[in-house]
Amino acid sequence: MNASLFALALMDGVSYAALLFLVALGLTLIFGVMRILNIAHGSLYAWGGYFAATLGMGIAKFGLSPMLGLPALFVAAIVIGVFLATVLEFALLRHILDKDPILQLLVTFAAFMVLEDLQRMIWGVQPVFVSDVVTQLGTLSVAGVTYTRYQLLLLPTVAVLAFLGLRWFLGGTALGRQITAVTHHREVATAMGVNTGRVTWLTIAVGGALGALGGALASPTTSFTPGIGAEMMVLSFAVVATGGLGQIGGAALAALMIGLTRSFAVYLMPEVEVLVPYLIMVGVLLVRPEGLFSTAAARRI
Amino acid sequence: MKLLKTLTAIAVTTLASGFAQAQDKPAELKIGITTFTSGAASVFGVPAKAAAELLIEEMNAKGGIGGVKVAATYIDEGIGGDKLLSEYRRLVQEQGVRTMLSAISSGNCNIVAPVAEDLKVLNVMWDCGTEKVLEEKRYKYVVRTQANATTEMVATVLYLLKTKPNFSTIAVVNQDYAWGRDSWEIFLNTLKALKPDVKVVAEMFPKLGASDFSTEISRLQALRPDVVLNTSWGGDLDTFVRQAAQRGLFTQGATMVLPLAESSLERLGATLPEGVIVGGRGDHYFLHPETKDEPAHKDFVAKFRAKTGSYPIYPTYHMAQALVGLKTGYESAIKANGGKWPSSEQVAEAMRKMEFKAYGRTVTMREDGQGLEAQLLGTTKRVAQYPFAVMDKMMLVPADLVTTPVGQKSPAWVKTIKADLLNSDRLKTYDFK
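Asks: Where do I start with the overall build of chain B in this structure?
Replies: Helix and strand content of chain B: 15 helices and 16 strands. The C-alpha atoms of chain B give a radius of gyration of 22 Å, which matches the 22 Å a tight globule of 433 residues would have. Taken along the three principal axes of its C-alpha coordinates, chain B extends 80 × 45 × 45 Å. Residues classed as buried in chain B amount to 54% of the 433 residues present. Looking at chain B alone, contacts between residues at least 24 apart form 72% of all its contacts between residues at least 6 apart.

Written out as structure tokens, the structure is:
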């Protein structure tokens, strides 16, 4: 493997990691605040993608400016993410906060299946895609290999901005600090006057929008089909588990590790590509059972 | 002792009456159809189910099969092998279904075939491709009304070598599951038999349902192979084609070979460029060069479009073949049975000795239950009449040339294929008209 192939693998890995990170970020954020592993997060990814594709088709159909394509992806993500997350929170999640983790898992899994069926009713089973955005942004050539600007520049930029933005929000704003407080201890935060209900809803909305954003940004390059949510759910869970549940920095590092290792595997050992995320997860969890960025948990008596 | 005798007597009577019942014309012919209505493979299963509904309705309007109306029950293959099997058994044992059309997935065909044999139920494998199922075991009750993977892949190699005889390197990007692996094995062994100097420069097997092929595409762009094979289907194929097109892989000079892309042509619209080799697992295409003007075929295309809004794709044609094959089999068994309603065994036997025609060329059934179905391949071309690519430079490959003979096994047989096959005067070519 020479230097230029190394660079190619690096670029592919980063752009793949970017999408993975966005979805995992939403999942880990929600887990941090609610301590619920929200399986329905996979549906948010799927719905975000389908809805973005619908908007994209609408733009083409009504002859609107193609410049709207890119903003439409973000609009789609926010609308569908906030909407679905709100429905999930009010209808389900807030009622199962104190329940057994197994039950929580089952309830969100049920929600996932319901959403998957609804999605099939709305968008059908044929693959859906709208790729005008990628074409508009054009391509660039690196070492004789053509890349799309969308994939090479836009996706990593959005991921980095989401990461920095969220860090700043959680650490630098009053609301963000309230979220952090709830993450540490819900009851104590409530006692200190934090409106946990509102904070929880906000987190879920942001987390949901991030999941949907992952889907929306994937929609110009990926065909959306039934089952795509489950695929992403499993993968982003691997990222979150590797990074440490509830750990944003951990999710970023784990997504990068998985993305890069996977693309190097395609060049060096294509046979193990499929296994890579799980090999990394097992490797990390064997050494650090709480994940990469686990913090020492205070024992609650 | 007396008790035992009584029991035996009861058993014999029940058995006999059961047998007699099978000979009487039933009120309706119950059939079970397994198809994907969930998961990624529903891109095939749902259109095929629509075709089944359409065709069964039509068949019943014309008197059904041997004067008996057909009533179908559908099972979703997406629920997984174990659950599929319990649904299958439930249909047979509780609802008395004696005729099954199963399955799309090769994995599911492997699961249901021995069970059908065990339950003595006629099982028509209506879409699955694995050649192993009928080569490794002889079944009495299991038949397949279309080609198998060997026929499909050998025909693809022939078409590739006919249209592009001079190339030296090939790379493969197939889905990482049975079909992706097996189809590559057959393709490569055939290619090596016909063109031993070919060099394989990359073998990539991304996950089934993968959403991103950018690393594979980068690697292909760096390697610049002469030929790229990709036997994937559905969303995976669409995604690969889109990402490859976005990144200019199609304009780099490699010949792309996509043996299942007939089922993606309409969806891919303007994304799929000209000059790509495509196939459709058989000789069925809404613009089939020999049958596109046949009234029955035109009628089917029109009705299917009215019902679903899309042109029929290969799984819908496979469904048509299974239903026409079933009707032909039943009717010839009725005839052989002196006009009386036949048992599953008699139908299964009749189905091994028949010919039938749906919307492609005539399919001939063999004694091992395998159907001999011609293969249609072509090269994409853009035309004014359709907003998506159509097949041009089409070639029809007769199945007997490219199918493993009865009693032999594909891995060994494909290695014995001789290059003079390429000069056969039975390979007919057609341009888009």
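Asks: Got a minute to help me understand the interface of chain A and chain B in this structure?
Replies: Size of an interface: often given as the accessible area lost when the parts come together. Taken residue by residue, the interface counts 34 residues in chain A and 32 residues in chain B. Put simply, the parts of the chain that give the side of chain A that touches chain B at least two residues each are helix H1 (3-34), helix H5 (132-137), strand E2 (145-148), helix H10 (228-243) and helix H11 (248-268) of chain A. Counting residues per element, the side of chain A that touches chain B draws most heavily on H1 of chain A, at six residues. Its residues assigned to classes, the side of chain A that touches chain B comprises 17 nonpolar, 14 polar and three charged.

Asks: Whenever I open this one, the nonpolar core confuses me. Can you help?
Replies: Core analysis: the largest hydrophobic core is formed by 229 residues, its most contacted members being Leu20, Phe21, Leu22, Ala24, Val239, Ala251 and Ala255 of chain A. Top element by residues in this core is H1 of chain A. It accounts for 19 residues. The residues that make up this core include at least three from each of domain 1 (28-147 + 294-369) and domain 2 (150-280 + 375-430) of chain B. Apart from residues lying up to four places away in sequence, Ala24 of chain A is in contact with Ser236, Val239, Val240, Ala251 and Ala255 of chain A.

Asks: Explain the sheet that holds strand E14 (residues 375-381) of chain B here, please?
Replies: Backbone hydrogen bonds hold the strands of a sheet together, and the pairing may be parallel or antiparallel. Residue and element names in this part refer to chain B. If you trace the eight strands from one edge of the open sheet to the other, you get E7-E6-E8-E9-E10-E14-E15-E16, paired in mixed fashion. Only two strands of the sheet have a single partner each, and these edge strands are strand E7 (199-204) and strand E16 (428-430). Strand-to-strand, the axes of this sheet are offset by a mean angle of 20 degrees, without reference to chain direction. The sheet contact formed by strand E9 (residues 255-258) and strand E10 (residues 277-279) spans two bridges and is parallel. Bridge assignment links Leu258 to a residue of E10, and that residue is Val278. Running over the sheet, helix H8 (residues 214-223) touches strand E6 (169-173), E7 and strand E8 (227-229) and is turned about 165 degrees from E7.

Asks: How do you make sense of helix H6 (residues 149-163) of chain B when you look at a structure like this?
Replies: Each full turn of the α-helix corresponds to 3.6 residues, which orients residues three or four apart in the same direction. Residue and element names in this part refer to chain B. Here H6 is 15 residues long and its end C-alpha atoms lie 21 Å apart, about the 21 Å a rise of 1.5 Å per residue gives. In terms of residue burial, H6 counts as a mostly covered element, since 12 of its 15 residues are buried. Of all the positions in H6, only Ala149, Thr150, Thr151, Glu152, Met153, Val154, Ala155, Thr156, Val157, Leu158, Tyr159 and Leu160 are classed as buried.

Thresholds applied
Residues numbered from 1 in each chain as written. Chains lettered and ligands numbered in written order. Predicted model: local features only at pLDDT ≥ 70, side-chain atom pairs only at ≥ 80, totals over all residues. Helix = DSSP H or I, 4+ residues; strand = E, 2+ residues; numbered from the N terminus. Rg over C-alpha atoms; globule rule 2.2 N^0.38 Å. Buried ≥ 20, exposed ≤ 12 C-beta atoms within 10 Å, placed from the backbone. Contact = placed C-beta atoms within 7 Å. Nonpolar A, V, L, I, M, F, W, Y, C, P; charged D, E, K, R; others polar. Core = buried A, V, L, I, M, F, W, Y, C linked by C-beta atoms within 7 Å. Domains from an automatic or database assignment. Pairing = 2+ DSSP bridges. Axes fitted to C-alpha atoms, helices over the stretch in contact; angles between N-to-C directions. Expected span 1.5 Å × (residues − 1).

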